[in-house]
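An overview of the molecular structure
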Amino acid sequence: MTPHALNPSDRVLIVGATGFVGRRLIPELVKKNVKLRLLVRDLARAAPLLVKGADIEVVQGDLVANAGLAEALRGIHTVYYLVHSMGGKTLFKNEEYAEKDRQAAKNFMAAADASSLQRVIYLGGLGETGDDLSEHLRSRAEIAKILSSGKPSATVLRSAVIIGAGGASYEMLRYLVERLPIMITPKWVETRIQPIAIQDVLAYLVGCLLTPETAGQEFDIGGDEIFTYVEMMQKYAEVRGLAKRFIIRVPVLTPMLSAYWVDLVTPIPSGIAHPLIEGLRNEVVCKDNRIDQYVHITKTSFKDSVLTAFSEETDGPGVTGF
Ligand SMILES: NC(=O)c1ccc[n+]([C@@H]2O[C@H](COP(=O)([O-])OP(=O)(O)OC[C@H]3O[C@@H](n4cnc5c(N)ncnc54)[C@H](OP(=O)(O)O)[C@@H]3O)[C@@H](O)[C@H]2O)c1
């Protein structure tokens, strides 16, 4: 289906509206006068998301439980799909969250196909396909496939770590560098990564909505700088005015041991941290910059993205935000 361009009377649904990306997307869309509906699991958590004077509806629902979807999708032009199920205290129970995410996406697509929905915009993860891909990144890619398989036209954006206060991967970076002047790390510190500022992710998400030509396409999005993880940690320390970190690479350190160690040093729930750590072995760098042909943004430097993120933390350096 070729989607029609968004009209002022059209409404856009955000699933995952309470999340790190979803809650920041709301004011950006309000600035563009987009009428919104939010699907939330817990209605009590919707109140802080509402913007005074904006046209925002709220529907209670749960994608895994298949609840509230028909109501949420009624009359919707585009859905932002910003959901994932990682969390809690688990130990590499990858299949558990992957299965939940698969079920959520399938339930969503069944309801979407039965509705008049025109477009889905999904933010997933960078990372090549292949046998070595971590369960987390494999699961993100699987969701992209499911969301692209239905009647609505899907736009898939793929990004590496997003730099922004409250983002799980960014918070892991922050806690580790803020708290540890000396780190013993496994080989993955040499893997390359192309981080992106949350402001830039939001600009691409909004830009895709306002550019119907992006429908039916997949784009890699990233900042202007590519680092190894060790370089990114040193750069973070430099931006924050911290002393250079001593990073000692130990080839025998397994992802499992690194994960236990992150549990000790950071407050990130293990159900989020462990799958992310497992994914650190996979290079997450944009294959191309085709997105620039459609959505023009001024990219935020890594330095500015860290400074902004840090200024938005309410709990000071290395104190629990989770
Ligand atoms: N954060 C990053 O650095 C990063 C990097 C690359 C890509 N991404 C992608 O960006 C997207 C959003 O990530 P995020 O960091 O914003 O995640 P997040 O903060 O963990 O938010 C996840 C959202 O999904 C919702 N959700 C979970 N299970 C649900 C269910 N069964 N039914 C309805 N809603 C459900 C959560 O609702 P509750 O509040 O009720 O739990 C929450 O709003 C994901 O696809 C992720 O892969 C993120």
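Shown above is the structure to which this text applies.
Fair warning: this is a prediction, and the values are worked out from it, not measured in the lab.

With that settled, the discussion passes to the side chain of Asp200. Summarising the element assignment, Asp200 is placed in helix H6 (residues 198-210). Summary of buried charges: Asp200 has no salt-bridge partner, and the nearest side chain of opposite charge, Lys299, is 6.7 Å away. Not counting residues within four places of it along the chain, the set of residues in contact with Asp200 comprises Ile297, Thr298, Lys299 and Thr300.

Around the ligand sit 22 residues in total, of which Thr18, Arg41, Arg45, Leu123 and Arg140 are the nearest. Contacts to the ligand include Gly19, whose backbone N or O atom sits 3.0 Å from an oxygen atom. Taking Val21, its main chain carries an N or O atom lying 2.9 Å from an oxygen atom of the ligand. Isolated, the ligand exposes 910 Å² of accessible area, and the fraction of that covered by the protein chains is 86%. Where the shell around the ligand is concerned, the elements lending two or more residues are helix H1 (20-31) and strand S5 (119-125). Top element by residues in the shell around the ligand is S5. It accounts for three residues. Along the lines of polarity and charge, the residues of the shell around the ligand split into eleven nonpolar, seven polar and four charged.

For the rest of this paragraph, the subject is the packing of helix H7 (residues 229-239) against helix H10 (residues 302-312). How two helices pack is summed up by the angle between their axes together with the distance between the axes. Relative to each other, H7 and H10 sit at 60°, their axes nearing to 10 Å. When the axes of H7 and H10 are compared, the pair comes out oblique. Seen from above, H7 lies across H10 with right-handed handedness. Residues Met232, Lys235, Tyr236 and Val239 of H7 pack against Phe302, Lys303, Val306, Leu307 and Phe310 of H10.

Spatially, S3-S2-S1-S4-S5-S6-S11 is the arrangement adopted by the seven strands of the open sheet, whose pairing is parallel. Of all strands in the sheet, those with a lone pairing partner are strand S3 (56-60) and strand S11 (218-220), marking the two edges. Ignoring strand direction, the axes of neighbouring strands in this sheet form an average angle of 20°. Note that strand S2 (residues 35-40) and S3 share five bridges and pair parallel.

Criteria and thresholds
Residues numbered from 1 in each chain as written. Predicted model: local features only at pLDDT ≥ 70, side-chain atom pairs only at ≥ 80, totals over all residues. Heavy atoms only, no water. Helix = DSSP H or I, 4+ residues; strand = E, 2+ residues; numbered from the N terminus. Buried < 20%, exposed > 50% of the residue type's maximum accessible area, 1.4 Å probe, protein only. Lys, Arg positive; Asp, Glu negative; His and termini not counted. Salt bridge = Lys/Arg side-chain N within 4 Å of Asp/Glu carboxyl O. Contact = heavy atoms within 4.5 Å. Near = heavy atom within 4 Å. Polar contact = N/O pair within 3.5 Å; in protein donor to acceptor, adjacent residues only side chain to side chain. Areas by Shrake-Rupley, 256 points an atom, 1.4 Å probe, with all protein chains shown as cover. Nonpolar A, V, L, I, M, F, W, Y, C, P; charged D, E, K, R; others polar. Axes fitted to C-alpha atoms, helices over the stretch in contact; angles between N-to-C directions. Parallel < 35°, antiparallel > 145°, perpendicular 65-115°, else oblique. Left-handed = near helix turned anticlockwise from the far one by under 90°. Pairing = 2+ DSSP bridges.

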